[in-house]
Amino acid sequence: MDSRFTRRAIVRAILLGMASSTLTACGGGGSGSAPPSTPPSPAPSPNQPDDPETPEEPECPPEETAGAQPPRGLHASWTDDPHTTRTLTWFTDGTTDPGTRVQYGPITGDADSCSLTTAAFPFEVTGAAHETYGVEALTHVATLTGLKAGQAVRYRVGSDNGGWSPTRVFAPTRTDGFRFCHFGDHGLQDASQRVLSNVETLAPDFFIVAGDLSYANGDQPVWDRYFDMLEPLAARVPVMTCPGNHENKDGGGQGYRSRVSQPGKGMYYGFDYNRVHFFFSTGGSLLTDLSSTTELLVELAAMEKDLAEAWRRRRDGEIDFIVFVQHYTLWTNCEGRDPANFALVAVEEQILLRYDVDLVLVGHDHVFERSHPMAYGKQSDNGYVQVTQGGGGQSLYDLIEDPADWAAVSRVCHGFTVVDVEERRIRARSYAVSDEDGNLYPEGEEILLDEFTLAPRVTAPTGITPFSTREQRPARSLAELDVDLNAMLKHTLQRNLTHDMNEMH
Ligand SMILES: [Fe+2]
Ligand SMILES: [Fe+2]
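Looking up the protein in an unreviewed UniProt entry gives the name Ser/Thr protein phosphatase family protein, with the organism given as Alcanivorax dieselolei.

Of all the six residues making up strand 3 (residues 101-106), five are buried; the element is thus mostly covered by neighbouring parts of the structure. By the bridge criterion, four bridges tie strand 3 to strand 4 (residues 123-126) in an arrangement that is antiparallel. Looking at strand 4, one finds that Val102 is bridged to Val125. As paired strands, strand 3 and strand 7 (residues 153-159) are joined by six bridges and run antiparallel to one another. For Gln103, the partnering residue across the bridge sits in strand 7 and is Arg156.

Each pair of aromatic rings is reported with the distance of its centres and the angle of its planes. Considering all chains together, one arrives at 25 aromatic pairs under this definition. Ring geometry for Phe206 versus Phe278: centroids 5.7 Å apart, planes at 80°, classification edge-to-face. Of this pair, Phe206 sits in strand 11 (residues 206-209) while Phe278 is found in strand 14 (residues 276-280), placing the two residues 72 residues apart along the sequence. The exposure class of Phe206 is buried, given its relative accessible area of 0%. Residue class for Phe278 comes out buried when judged on its relative accessible area of 0%. When the ring of Trp223 is compared with that of Tyr226, the centres are 6.3 Å apart and the planes differ by 90°; the resulting orientation is edge-to-face. Placement of both Trp223 and Tyr226 in helix 4 (residues 221-234) is noted, with a separation of three residues, approximately one turn of the helix.

It is worth spelling out the coordination of the iron ion (ligand 1) at this point. The coordination sphere of the iron ion (ligand 1) contains the protein donors Asp185 (OD), Asp212 (OD), Tyr215 (OH) and His366 (NE2), at a distance range of 2.1 to 2.3 Å. Around the iron ion (ligand 1), the four donor atoms are arranged such that angles at the metal cover 90 to 178°; this shape is classified as irregular. Of note, the iron ion (ligand 1) draws all its donor residues from one chain, in the sequence arrangement D-x26-D-x2-Y-x150-H. The distance between the iron ion (ligand 1) and the iron ion (ligand 2) comes to 3.2 Å, with Asp212 serving as a donor to both metals. Of this pair, Asp185 sits in the loop between strand 10 (178-183) and helix 3 (190-202) while His366 sits in the loop between strand 16 (359-362) and strand 17 (368-371), and the two are 181 residues apart along the sequence. Overall, His366 belongs to the buried group, its relative accessible area being 0%.

On to the sheet that holds strand 15 (residues 321-325). Spatially, seven strands are ordered 13-14-15-16-20-17-21 in an open sheet, and the strand pairing comes out mixed. The open sheet has two free edges, formed respectively by strand 13 (269-273) and strand 21 (407-411), since each of these has just one partner strand. Averaged over all neighbouring strand pairs, the angle between strand axes comes to 15°, with direction disregarded. Along the sheet, helix 6 (residues 293-315) makes contact with strand 13, strand 14 and strand 15, crossing strand 14 at roughly 175°.

To continue, consider the pairing of strand 1 (residues 72-77). The two faces of a sheet get side chains in turn, since along a regular strand they alternate between them. For strand 1, a buried count of six out of six residues is recorded, marking the element as mostly surrounded by other parts of the structure. Judged from the four bridges that link them, strand 1 and strand 2 (residues 86-93) form a sheet pairing that is antiparallel. Looking across to strand 2, one finds that Arg72 is bridged to Phe91.

This part is about the coordination of the iron ion (ligand 2). Coordination of the iron ion (ligand 2) by the protein involves Asp212 (OD), Asn245 (OD1), His327 (NE2) and His364 (ND1), with metal-donor separations of 2.1 to 2.3 Å. Considering all four donor atoms around the iron ion (ligand 2), angles at the metal cover 88 to 165° and the coordination shape is irregular. For Asn245, a relative accessible area of 1% corresponds to the buried category. Since its relative accessible area comes to 0%, His327 is described here as buried.

Soluble globular proteins tend to pack their nonpolar side chains together in the buried interior. In terms of nonpolar packing, the biggest core is built from 35 residues, with Leu300, Met303, Leu307, Leu352, Val360 and Met488 touching the most fellow members. When residues of this core are traced back to their parent elements, those giving at least two are helix 6, strand 15, helix 7 (342-354), strand 16, strand 18 (374-375) and helix 8 (485-499). Dropping the residues within four chain positions of it, Leu352 is found in contact with Met303, Leu307, Phe324, Leu330, Val357 and Val360. Of all hydrophobic cores here, the second largest spans 34 residues; its members include Cys242, Tyr269, Val409 and Ala428.

The rules we used
- Residues numbered from 1 in each chain as written.
- Chains lettered and ligands numbered in written order.
- Predicted model: local features only at pLDDT ≥ 70, side-chain atom pairs only at ≥ 80, totals over all residues.
- Heavy atoms only, no water.
- Buried < 20%, exposed > 50% of the residue type's maximum accessible area, 1.4 Å probe, protein only.
- Helix = DSSP H or I, 4+ residues; strand = E, 2+ residues; numbered from the N terminus.
- Pairing = 2+ DSSP bridges.
- Phe/Tyr/Trp six-rings, centres within 6.5 Å; stacked < 30°, edge-to-face > 60°.
- Donors = N, O, S within 2.8 Å, 3.2 Å for Na, K, Ca; no water.
- Tetrahedral: all angles 85-135°; square planar, octahedral: opposite > 155°, others 65-115°.
- Axes fitted to C-alpha atoms, helices over the stretch in contact; angles between N-to-C directions.
- Contact = heavy atoms within 4.5 Å.
- Core = buried A, V, L, I, M, F, W, Y, C linked by side-chain atoms within 4.5 Å.

This is the structure:
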């Protein structure tokens with residue numbers, strides 16, 4: 001451990017990181033708007049101009065990063081424990097592997113702030129490279145381990161031959177409350193950038209892109225530009241993703257698979273973040289032919305098993321909430337989009353409702369909707385709340401004239417949702433960054449569209465409520481589900497091939 005970092009240097013780095021990204025007024029010009037009330041977690045960024053309040057600090061010398069194959073498109077995620085590991089993914093041009101190294105160390109101790117970028121790194125890990133789909137480039141992946149809660153980490157990626165990234169800083173992971181942001185259908189538009197800059201301002205612990213990431217639509221270099229756009233945020237804040245139908249247009253998902261690093265095999269996965277369990281699903285997005293139908297069945301069985309176990313752990317007071325993420329809406333009031341695939345939704349709802357999933361986060365329909373607690377297309381007190389945040393940046397869709405009554409809010413706009421989990425309560429706020437024609441609001445005048453809270457179904461960690469005394473609900477085999485699986489697979493295939501594969505925006 002390097003002992004040359006002062007507390008002052010850390011605070012300075014944190015303040016500098018926040019100074020460039022203070023959300024002054026989310027919706028300052030609109031009714032119901034409000035800035036975030038929870039202080040952002042630190043998201044420091046080294047090598048920024050001197051803080052006027054600390055003029056005596058020396059200007060830091062430039063970092064030596066030069067090389068023939070510099071890292072680009074750097075983004076963080078986790079493929080293992082969210083609190084003690086970080087997986088870093090980046091790209092280099094050409095097919096020669098210059099090396100996959102990460103140098104890192106905790107930020108602590110005594111020293112001037114320039115040491116953030118100039119001091120030797122105490123630790124190093126070596127990863128591996130593989131071909132990036134569709135371009136002459138390599139994807140590099142390496143995982144840092146042994147990180148400690150409450151401790152910021154500085155790092156750089158690359159190699160002596162290829163060159164190094166600038167030093168980046170991870171904010172400390174938190175073990176109690178946390179914040180994450182959610183949007184889908186991102187792309188490379190002005191609205192996509194605006195959503196990102198707002199998310200950066202809110203300094204979440206991680207952010208979710210719920211499918212339809214780059215809209216490369218077969219043009220693979222678009223992915224390079226996408227991750228270049230993401231890097232300033234995603235090199236500091238982990239990004240967790242699921243594939244959408246547009247990921248299917250790049251070699252049946254190969255473009256996506258070769259560029260992101262997520263838990264498991266990267267397509268569907270579960271993890272706990274503090275006292276919240278998440279399950280990310282493909283929603284059948286990558287089903288392209290009959291030979292791939294087995295993958296969806298395996299995934300649905302895994303989802304059943306994962307959520308059954310999460311239900312048991314929540315009953316026993318180990319966690320508070322269960323959140324499900326996928327690209328496709330279960331229910332929608334988007335014009336011409338409902339039902340997208342009722343057969344698959346019927347299967348998913350049987351699972352989500354059996355295990356009392358609290359929150360469903362989706363995209364796909366380029367609108368914003370938030371449901372009341374619902375089940376089977378109707379309001380239901382014990383159901384889940386669905387948040388459709390498909391306005392991440394791509395062109396907007398229309399809503400039907402008369403939205404179904406499960407919808408609490410339905411709006412056409414670009415935007416994002418920020419979720420705070422504090423003191424065993426979920427508080428979600430959704431912001432619009434544009435009007436219904438896609439015209440961006442002035443920066444700092446984004447509008448708060450919606451806010452809701454969720455209380456845990458099990459009211460005490462000790463599990464003393466009637467709800468928590470329920471019998472275990474064991475995971476079922478797919479054969480036990482009340483559904484024609486063949487019809488479901490056929491319908492999902494049909495959805496992907498006829499509707500979504502023709503959608504280019
Ligand atoms: Fe989309
Ligand atoms: Fe989509």
